[in-house]
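Survey of secondary and tertiary structure
One-letter residues, chain by chain:
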Amino acid sequence: MPDSRPLSVARAPRFASSRRMLLALLLVLAGTPHAPAQDAAPPATSAAAADTDAAPGEFDANADAAVPQVPEEAFAPADGERLETPNPRASAVRSLEAFLKTIESKQAEVAALRERFQSAVDDVSRDQILARLAETSKEAEKLERQFERFAVDVDISPFVEEEQQRFDWQEEISALVQPIVAELKSATAESRVIGELRGAIEEASEREQTAEAASANLSGLIASAPPGALRERLERDLKRWQQRHDDARNRRVALELQLDKRLAERTSVLDQTASYAKTFFRKRGLNLVMGIAAFLAVFLGVRLLGRLYDRIYSARRGRTFSNRLGTLLFHVFSVLGGLGATLLVFNLVGDWFLLGILVIFLLGIGWASINTLPAHIETIKLMLNIGAVREGERLVFDGSPWRVDHLGFSARLVNPRLEGGVQLLPVRYLVGLHSRPAGPREEWFPCKTGDWVELADGRLGRVAHQSPALVELVELGGAQVTYQTGDFLALSPRNLSTGFRLEITFGIDYAHQAECTTTIPELMQAKVEAGLREAFGADMLRHVRVEFQAAAASSLDYEIELDLTGAAAPELPEIRRAVPMLLVEACNEYGWGIPFQQVTVHGVGAG
């Protein structure tokens with residue numbers, strides 16, 4: 001037959017049962033000691049109060065949750081009461097009744113301690129009892145407050161003045177490190193026991209040797225037939241030292257047997273390590289996996305959201321400051337959120353060892369990061385594009401010029417003149433550098449592959465390969481010369497493929513002074529121009545000019561200027577030899593004298 005009761009009445013048993021279970025759970029989570037049943041004997045705390053030898057500090061004075069665990073019979077239905085419809089208030093009353101019995105027991109203990117304090121005869125006992133009395137009174141006050149909170153079933157914190165606890169960082173760190181130390185002690189327990197046994201055996205052996213030497217000395221004195229009273233005293237001492245010798249020997253033998261047993265049962269270091277690893281992962285393996293899974297879930301989830309945010313925002317507005325800031329915050333929160341999730345998992349499962357290890361690790365990273373804080377700040381400024389290096393500007397890195405294409409968690413540097421001229425590197429590598437806007441016609445490298453260059457060391461060659469690391473030149477004749485890119489730029493390469501000027505100084509005798517500024521320059525220019533066009537082709541020679549330069553000490557000097565195209569670069573050595581040869585032929589043809597030591601040849605910059 002269906003239940004004809006109203007819905008509220010039908011749900012009443014479930015609600016009451018759930019409330020009763022919730023009350024029990026709260027009391028259990030409070031970590032309270034078991035209280036006796038209503039009809040049981042007085043609680044053990046009263047007996048402890050009557051015991052004069054009880055040590056102080058038996059109760060946890062710092063635990064605010066010293067609430068007694070309500071016995072099962074407090075929640076059990078009374079005789080004749082139907083289990084289906086329990087009374088929530090009656091259940092609460094029974095719980096409060098058990099709670100009250102604990103309070104009365106604690107108050108009785110306080111009264112007993114006061115009587116013992118009044119009857120104490122010495123100051124030492126009075127001080128001990130007084131400390132125990134203060135601690136027990138504090139526990140009684142806490143129980144009273146907890147009883148009131150449980151009875152009124154509301155938050156009474158506005159009416160309670162809680163005692164301010166003084167923060168002690170040493171105690172906090174000690175509480176944090178304690179589970180780790182306990183784990184290490186557990187892992188090294190066997191080795192420590194063996195070490196203690198060996199130390200005790202060494203001590204017992206030393207005592208045995210000392211007692212044996214003392215007994216031998218006393219026996220020698222007795223053998224010398226001393227007077228009666230002295231002999232009796234020496235014999236008593238000999239017996240005492242012989243007893244000490246026997247005790248030390250027996251102790252040493254017993255300890256050696258224990259050590260031999262331990263060593264026989266001891267496994268190898270590899271087996272111990274494997275056994276500890278198995279135990280560790282059996283106890284904490286699941287917790288560790290859950291912590292790592294929580295970190296990865298939050299880390300990857302936030303990173304995915306950050307990437308979607310970056311794509312959507314960049315597509316709409318480009319890479320603005322707010323977009324960069326949002327991306328940075330997503331990356332930071334992915335790490336912090338993952339660590340927070342791991343800490344939360346370890347806290348929920350109650351694994352204080354793994355929690356302490358992680359907290360100490362994070363504290364170590366934070367402490368180590370203090371010294372590098374200015375560098376971290378500069379790195380963040382670079383990532384936000386507000387630092388000394390900006391996107392789109394020119395930067396000199398490792399001796400080569402680069403264009404900053406992208407700044408973020410990584411930097412993208414580009415040089416369009418270099419083969420493989422793209423570098424992706426962490427943005428922290430750019431800390432301490434600075435960039436500037438590039439000029440409208442500023443080149444990114446002094447040459448390109450295939451150009452002919454002349455270096456400051458006099459080497460002439462064609463650029464066969466240039467990369468961020470190396471520049472390879474092919475000299476006339478096919479020899480290959482390789483420079484590091486920085487060293488190549490330090491030699492001030494002169495690019496001849498864009499055209500260049502060659503200047504040669506040539507002098508004649510003072511006997512031709514009358515025509516040195518009129519007909520001689522014209523004749524020289526015509527001779528050189530005709531000879532070069534015939535020898536090397538007209539397309540290589542742009543212009544030839546001969547001008548009087550100076551009246552030197554022993555000659556009248558002329559400067560021959562040759563403007564050549566880039567195609568003439570491979571012929572540069574031949575051109576340098578051909579020009580003086582043509583001038584000497586002109587001297588022979590027109591009868592000009594050549595003074596001793598007057599010919600000088602040198603080159604100038606590219607035109």
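Residues numbered from 1 in each chain as written. Predicted model: local features only at pLDDT ≥ 70, side-chain atom pairs only at ≥ 80, totals over all residues. Heavy atoms only, no water.

A few words now on the overall build of the protein chain. Of regular secondary structure, the protein chain possesses 15 helices and 14 strands. Looking at the protein chain as a whole, 33% of its 607 residues qualify as buried. Considering only contacts in the protein chain between residues 6 or more positions apart, those separated by 24 or more positions represent 64%. For the protein chain, the exposed surface amounts to about 37000 Å²; the carbon and sulfur share of it is 57%. (Helix = DSSP H or I, 4+ residues; strand = E, 2+ residues; numbered from the N terminus. Buried < 20%, exposed > 50% of the residue type's maximum accessible area, 1.4 Å probe, protein only. Contact = heavy atoms within 4.5 Å. Areas by Shrake-Rupley, 256 points an atom, 1.4 Å probe, with all protein chains shown as cover.)

This next bit is on empty space enclosed by the protein. Inspection of the entire model under this criterion finds three cavities of 30 Å³ or more. Taken as a whole, the largest cavity encloses approximately 50 Å³ of empty space. Taken together, Leu532, Phe536, Gly537, Met540, Leu541, Leu564 and Ile575 make up the lining of the largest cavity. Of the residues in the lining of the largest cavity, the class split is six nonpolar, one polar and no charged. (1 Å grid on protein atoms, 1.4 Å probe; cavity = no way out; pocket = protein on both sides within 12 Å on 5 of 7 lines; lining within 4 Å. Points joined across faces, edges and corners; volume = space filled by probe spheres on them. Nonpolar A, V, L, I, M, F, W, Y, C, P; charged D, E, K, R; others polar.)

Attention now goes to the sheet that holds strand S5 (residues 435–436). Pairing is antiparallel in the open sheet, where five strands are placed in the order S4-S3-S2-S1-S5. Only two strands of the sheet have a single neighbouring strand rather than two, namely strand S4 (422–426) and S5. Note that strand S2 (residues 400–407) and strand S3 (residues 410–414) share four bridges and pair antiparallel. If you follow Val404 over to S3, its bridge partner there is Leu413. (Pairing = 2+ DSSP bridges.)

Another point: the sheet that holds strand S7 (residues 460–466). Ordered by their spatial adjacency, five strands build an open sheet running S9-S8-S7-S6-S10, and the pairing between neighbours is antiparallel. The open sheet has two edge strands with one neighbour each: strand S9 (480–484) and strand S10 (494–495).

Take the layout of surface pockets next. Within this model, the largest pocket holds a volume of roughly 650 Å³. Lining the largest pocket are 19 residues, with Val332, Val335, Ser369, His376 and Ile380 sitting closest to its centre. For the lining of the largest pocket, the secondary-structure elements that each account for two or more residues are helix H10 (321–349), helix H11 (352–369) and helix H12 (373–383). With six residues, H10 is the single largest residue contributor to the lining of the largest pocket. Looking at the lining of the largest pocket residue by residue, the class counts come to twelve nonpolar, five polar and two charged.

Taking 1.5 Å as the rise per residue, H10 with 29 residues should run 42 Å; its terminal C-alpha atoms sit 42 Å apart, in good agreement. Here H10 has its buried residues at Asn323, Arg324, Gly326, Thr327, Leu328, Ser334, Gly338, Ala341, Thr342, Val345 and Phe346. Backbone geometry just downstream of H10 places Gly350 in the positive-phi region, at approximately 75 degrees. (Expected span 1.5 Å × (residues − 1).)

Checked against the element boundaries, Ser555 lands in the loop between strand S12 (541–551) and strand S13 (556–564). Among the polar contacts made by the side chain of Ser555, one reaches the side chain of Asp557 at a distance of 2.7 Å. (Polar contact = N/O pair within 3.5 Å; in protein donor to acceptor, adjacent residues only side chain to side chain.)

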